[in-house]
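# What the coordinates show
Residues per chain, in single letters:
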Amino acid sequence: MAQQTTSTANTVARDPRTSVTRSLLVYGVIAGPLYIAVSLAQALTREGFDLTRHAWSMLANGGPGWIQIANLVVAGLASVACAAGLRRALLPGRGATWAPRLVGAYGVSLVGAGIFRADPGMGFPAGTPEGPGPVSWHGMLHFACGAVGFLCVIAACFVIGRRFAAEGRTGWAVCSGLTGALFLVTFAAMASGGGAVWANLAFVTGIVVIWGWLSALSLHLYRRTAPRHA
């Protein structure tokens, strides 16, 4: 067993293309858990933040706001790297062009959402008046980046679902389609819920699910990307 493991490792080392592909997919595995962990750590420790009322993006406000800004940018760059890995891992076949493009666009949107800070409101940061508050130019751009990115990753779910359906991988096809549909519903709920608790909690659920899907997909393709024998 030890000899076989060593042989596989040596084969990967001799195949730089596979090594690079797998390295890029690792970013997709870790991006979501890291983003969620950093967001929740702040949500549970920042004064005045309420998980049932405030969107995670609002953590970019206040003195420690740079943490969430960095969190969004790092998650976005990791998603772009993941998209490059998806492109290499999915070739050839259905979805090999559009799925990576859509995931890459989602990554770029996260970077944009970090650069253009969400507006404060609903009593956060501490001392902010209750209610939605005025909408700034950077708040509008933040929402626009988020909307475009969310629609792109939803579309990526359906593209990947079709890819797996064509391969006869029914479980993955159904999971991808349901993930895209669920995230679409939760995003619509957040956009139209007017800050309602149920809408905010539904969107948090959607965020966790979509990141979980991207991590699981990246891990699946990482394992499927076999080294080429010299």
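Located above this text is the structure these notes cover.
Predicted model, so just to flag it, every value in this text is computed and none were measured.

What follows is about the overall build of the chain. Along the backbone of the chain there are 7 helices and 0 strands. When the helices and strands of the chain are placed in sequence order, the string is α-α-α-α-α-α-α. Taken against the 2.2 N^0.38 rule, which gives 17 Å for 230 residues, the C-alpha radius of gyration of the chain at 19 Å falls within 12% of a compact globule. Counting all 230 residues of the chain, 46% fall into the buried class. Restricting the contact set of the chain to residue pairs at least 6 apart, pairs at least 24 apart contribute 71%. Between the centroid of the 16 positive side chains of the chain and the centroid of its 6 negative side chains there is a distance of 21 Å.

Our focus in this paragraph is the pattern of salt bridges. If you walk through the whole model with that rule in mind, you get 4 salt bridges. Here Arg-169 makes a salt bridge to Glu-167, at a shortest N to O gap of 3.1 Å. Look at Glu-167 and you get partly exposed, because its relative accessible area is 33%. Put simply, Arg-163, Glu-167, Arg-169 and Arg-224 are held in one network by salt bridges that share partners.

Attention now moves to helix H6 (residues 170–192). Taking 1.5 Å per residue, 23 residues should reach 33 Å; H6 reaches 33 Å between its end C-alpha atoms and fits that length. On the buried face of H6, the contacting elements are helix H5 (137–166) and helix H7 (197–224). Backbone geometry just after H6 places Gly-194 at a positive phi near 65°.

Before going further, it helps to examine the packing of helix H2 (residues 16–43) against helix H3 (residues 65–90). H3 packs onto H2 with a crossing angle of 155° between their chain directions and a minimal axis gap of 7 Å. The angle between H2 and H3 places the two elements in the roughly antiparallel class. Crossing geometry of H2 relative to H3 is assigned as left-handed. Tallied by class, residues from the contact of H2 with H3 come to 18 nonpolar, 8 polar and 2 charged.

A word on the environment of Val-111. Within the secondary structure, Val-111 is located in helix H4 (residues 98–115). For Val-111, a relative accessible area of 18% gives the class buried. Sequence separation between Val-111 and Gly-76 is 35 residues; the distance between their C-alpha atoms is 5.1 Å. The contact partners of Val-111, leaving out residues within four places of it in the chain, are Leu-72, Val-73, Gly-76 and Leu-77.

What follows is about the packing of aromatic side chains. Using the criterion set out here, one finds 11 aromatic pairs in the structure. When the ring of Tyr-35 is compared with that of Trp-56, the centres are 6.1 Å apart and the planes differ by 50°; the resulting orientation is tilted. Taken together, the residues Tyr-35 in helix H2 and Trp-56 in the loop between H2 and H3 connect sequence positions 21 residues apart. For the residue pair Tyr-35 and Trp-56, the accessibility class agrees, reading buried in each case. On the numbers, 5.3 Å between centres and 85° between planes, the contact of Phe-150 with Phe-183 is edge-to-face. Linking Phe-150 in helix H5 with Phe-183 in helix H6, this pair joins segments that are 33 residues apart in sequence.

Moving on: a nonpolar patch on the surface. A cluster of nonpolar side chains, contributed by Val-26, Tyr-27 and Ile-30, occupies part of the molecular surface with about 250 Å² of accessible area. Note on placement: Val-26 falls in helix H2.

Tyr-35, Leu-86, Phe-183, Ile-207, Ile-210, Trp-211 and Trp-213 are the most contacted members of the largest nonpolar core, which has 45 residues in total. Residues contacting Phe-183, with those up to four places away along its chain left out, are Phe-150, Val-153, Ile-154, Phe-203, Gly-206, Ile-207 and Ile-210.

Each value, and the rule that gives it
Residues numbered from 1 in each chain as written. Predicted model: local features only at pLDDT ≥ 70, side-chain atom pairs only at ≥ 80, totals over all residues. Heavy atoms only, no water. Helix = DSSP H or I, 4+ residues; strand = E, 2+ residues; numbered from the N terminus. Rg over C-alpha atoms; globule rule 2.2 N^0.38 Å. Buried < 20%, exposed > 50% of the residue type's maximum accessible area, 1.4 Å probe, protein only. Contact = heavy atoms within 4.5 Å. Lys, Arg positive; Asp, Glu negative; His and termini not counted. Charge placed at Lys NZ, Arg CZ, Asp CG, Glu CD. Salt bridge = Lys/Arg side-chain N within 4 Å of Asp/Glu carboxyl O. Expected span 1.5 Å × (residues − 1). Axes fitted to C-alpha atoms, helices over the stretch in contact; angles between N-to-C directions. Parallel < 35°, antiparallel > 145°, perpendicular 65-115°, else oblique. Left-handed = near helix turned anticlockwise from the far one by under 90°. Nonpolar A, V, L, I, M, F, W, Y, C, P; charged D, E, K, R; others polar. Phe/Tyr/Trp six-rings, centres within 6.5 Å; stacked < 30°, edge-to-face > 60°. Patch = residues over 30% accessible without salt bridge, like charges linked within 9 Å, V, L, I, M, F, W, Y side chains within 5 Å. Areas by Shrake-Rupley, 256 points an atom, 1.4 Å probe, with all protein chains shown as cover. Core = buried A, V, L, I, M, F, W, Y, C linked by side-chain atoms within 4.5 Å.

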